[in-house]
Amino acid sequence: MALFWLWGLFWLLMITTAVQDALRNPAISWWEPVLWEGTSALAASCWLLLAMRARERYAQYLERPLIWFGHHLRWLPLIVPTFIVAVYAVRHGVYGLAGRPYPHPPWLWVFIYETLKLVLFASLWLGILFGFDSYAQWQSQRRRLLEVQKALSEAQLARLQGQLRPHFFFNALNTISALMHVDVARADRLVAGLGDLLHISLRSGEQEMTPLREELRSLELYAQIMQERFRDRVTLNWYADPAILDTPVPALLLQPLLENAFRHGVERSTVAVHIDVTARAEGHSLSVVVSNTGSSLAADYREGVGLRNCRERLSIIYGAGAALRVQDEGGAVAARVLIPLAGGKR
């Protein structure tokens, strides 16, 4: 549509300019430049329509401009004489109806002049048409690329979640197994808690995101299972700003952070360990921190599967807008997740 508007404005400018020039010459009537430019516009419009119809056929050559232009320009030996005959026939006819001859240079000169003009004219408009079609093809390829990237991201997220869930329940089942022959009542409570965790996991599998309150609820269930195992060796403190509890976060994203606090803090410590889980807004980000005493980062510290999955999922969903940092803070190891808040500062 934009091309047709540009085409119409071009010929309107050509006719207006010709009429203004004619008004300065008393020997030329106003309708003569309208006839000259109008017949050229009509014939050229027929050529443009043919070029538009052929654009799909030649679209495959847009990435090779010389071949694309060559396929269009090869029709010039047919278009040039057809154009000249049609235009000058109409002009002679109208002048004849007006009882006047149509004066023009000798036919050889007309043929040379009109040929050069048509070559320049066709090259100009083919360049414009090439620009429009190239831009449309680029937009189409960009949309397809975005669709492919989205599909790959979704497939990668599914793979990461598939890695996380077996890892998640494997550790919980190991905890229950350790208690089955020691304290049946406690093992029974752990099985009930694991059932609730399984329910949450299956529900989270239906959607990529979950409200923060649901994510924290799954952490609490996991913590209850682990506290049953390490009864007098760990205490937990929870704090979450009520204003951010409805913020959507990736499902089961935070569980590996708490799992690491138990694995590297509680399991390896001979003294009581203190774990803090806090969630609050920091500027335009949601900050969730899981910190534990009883351990520190080794000099050759390397991330495990759980943390790598968290980092990859954050990168896929939020790009550079999210971060995961693990560092020593005041005698404890703190894992901090920063997620952008859609609504800005709260």
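Residues numbered from 1 in each chain as written. Predicted model: local features only at pLDDT ≥ 70, side-chain atom pairs only at ≥ 80, totals over all residues. Heavy atoms only, no water.

S.K.: Help me understand the packing of helix α2 (residues 31-53) against helix α5 (residues 76-97) in this model?
M.R.: The geometry of a pair of packed helices is captured by two quantities: the angle between their axes and the separation between those axes. Packing of α2 against α5 brings their axes to within 10 Å, and their N-to-C directions diverge by 150°. As for the relative orientation of α2 and α5, their crossing is right-handed in sense. The residues of α5 that touch α2, namely those facing Trp31, Glu32, Leu35, Trp36, Thr39, Ser40, Ala43, Ala44 and Trp47, are Ile79, Phe83, Val87, Val90, Arg91, Val94 and Tyr95. Looking at the contact of α2 with α5, its residues break down into twelve nonpolar, two polar and two charged. (Axes fitted to C-alpha atoms, helices over the stretch in contact; angles between N-to-C directions. Helix = DSSP H or I, 4+ residues; strand = E, 2+ residues; numbered from the N terminus. Left-handed = near helix turned anticlockwise from the far one by under 90°. Contact = heavy atoms within 4.5 Å. Nonpolar A, V, L, I, M, F, W, Y, C, P; charged D, E, K, R; others polar.)

S.K.: What should I look at first to understand the sheet that holds strand β7 (residues 332-340) in this one?
M.R.: Here five strands make up an open sheet; going across it, the order is β2-β4-β5-β7-β6 and the pairing mixed. Every other strand in the sheet has two partners, leaving β2 (234-240) and β6 (323-329) as the edge strands with one partner each. Strand-to-strand, the axes of this sheet are offset by a mean angle of 15°, without reference to chain direction. Taken together, the seven bridges between β6 and β7 define a ladder with antiparallel strand orientation. When the bridges of β7 are listed, Val326 appears paired with Ala335. The strands that helix α9 (residues 255-266) touches are β2, β4 (273-282), β5 (285-292), β6 and β7; relative to β4, the one it contacts most, it runs at about 155°. (Pairing = 2+ DSSP bridges.)

S.K.: Hey, could you run me through helix α4 (residues 65-73) in this one?
M.R.: Three- or four-residue spacings in an α-helix give side chains the same orientation, since the helix completes a turn every 3.6 residues. Of the positions making up α4, those classed as buried are Trp68, His71 and His72. All buried residues of α4 lie within an arc of 95° about the axis, which places them on one face of the element. (Buried < 20%, exposed > 50% of the residue type's maximum accessible area, 1.4 Å probe, protein only. Arc of directions from axis to C-beta.)

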